[in-house]
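Structural overview for review
As a plain string of letters, each chain reads:
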Amino acid sequence: MERYGRIETKRKREIVLLRGRGCAYRKCAFCDYHLDCSSDEKQNYRLNADVLSRVTGEFSDLEVINSGSVFELDSSTLFEIKRVCREKGIRTIHFEAHYMYKNRIRELRREFCDFELKMKLGLETFDYDIREDYLKKGIPERNPAVIAKDFDEANFLFGIKGQSAQSMLRDIELGLDNFERICVNIMCENSTSIMPDKEVIAEFMQSVYPEYKDDFRVDILINNTDFGVGD
Ligand code: SF4
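Read on for an overview of the structure.

Criteria and cut-off values
Residues numbered from 1 in each chain as written. Predicted model: local features only at pLDDT ≥ 70, side-chain atom pairs only at ≥ 80, totals over all residues. Heavy atoms only, no water. Core = buried A, V, L, I, M, F, W, Y, C linked by side-chain atoms within 4.5 Å. Buried < 20%, exposed > 50% of the residue type's maximum accessible area, 1.4 Å probe, protein only. Contact = heavy atoms within 4.5 Å. Phe/Tyr/Trp six-rings, centres within 6.5 Å; stacked < 30°, edge-to-face > 60°. Lys NZ or Arg CZ within 6 Å of the ring centre and 35° of its normal. Pairing = 2+ DSSP bridges. Helix = DSSP H or I, 4+ residues; strand = E, 2+ residues; numbered from the N terminus. Axes fitted to C-alpha atoms, helices over the stretch in contact; angles between N-to-C directions.

Judged by nonpolar contacts, the single largest core of 51 residues is most densely connected at Ile81, Ile93, Phe95 and Val184. Filtering out sequence-adjacent residues up to four positions away, Val184 remains in contact with Phe156, Phe158, Ile172, Phe204, Val218, Asp219, Ile220 and Leu221. Among the nonpolar cores identified, the runner-up in size contains 11 residues, and Cys23, Cys28, Ile160 and Met187 belong to it.

Next up on the list: the packing of aromatic side chains. If you walk through the whole model with that rule in mind, you get 9 aromatic pairs. Members of the aromatic cluster, joined through ring pairs, are Phe126, Phe156, Phe158, Phe179, Phe204 and Tyr209. Above the ring of Phe112, the side-chain terminus of Lys82 is found at 5.0 Å from the ring centroid.

Pairing is mixed in the open sheet, where 8 strands are placed in the order E1-E2-E3-E4-E5-E6-E7-E8. Two strands in the sheet have a free side with no partner beyond their single neighbour: strand E1 (4–7) and strand E8 (218–221). Strand-to-strand twist in this sheet, taken as the mean axis angle between neighbours without regard to direction, amounts to 20 degrees. The sheet contact formed by strand E3 (residues 61–65) and strand E4 (residues 92–97) spans 3 bridges and is parallel. Note on E4: the bridge partner recorded for Leu62 is Ile93. Sitting on the sheet, helix H6 (residues 165–178) is in contact with strand E5 (116–124), strand E6 (153–158), strand E7 (181–186) and E8, with an inclination near 175 degrees to E6.

This is the structure we're talking about:
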């Protein structure tokens, strides 16, 4: 699996896919990437340090993902992230976290106070029924401003049953009103029972993609390896 990539469009940054002890939530119906985990923290650290050794700092901006939340990385890996970012002159670090960790984000920002931290939420959609009844995302809140309060960025998942051009456009507009940047992921077939909906994806490509493909604040991943990491 590729664990290091460079994102050279829009907000340029390096990206690393690290390994943690595993997602503590694990209930999102569309997700199987939480399988990338190990309970052996020493081995995780060795692997993560090796991946981090490839970071050059060329964009002063690093995105760190770990098939779960940053709070599931071991403390030696967190220390190594800080050390590498200081050494390479990186000013901005992006981390991901599930909504259930929102009350720990302030403490993480303090811990990384030498850096500008951008916290990314896996939101998937503002549509409560799709998000909670179908995707089982575990975000028991409807108010967009309250959802976004502790986060700077958000992931959205498009191309699934129940969505339409109108609902996807609404998600993007609300996303841009409430977050600094958003990332749209198109559903790809995986080992879960949630399947990509070809008609919804066609609607996205026809009516949504042309509107936002050049928007600096919107990353769009048609394939889930478009950032250069994963498999
Ligand atoms: S989407 Fe994220 S929070 Fe949900 S199960 Fe997968 S890794 Fe865990």
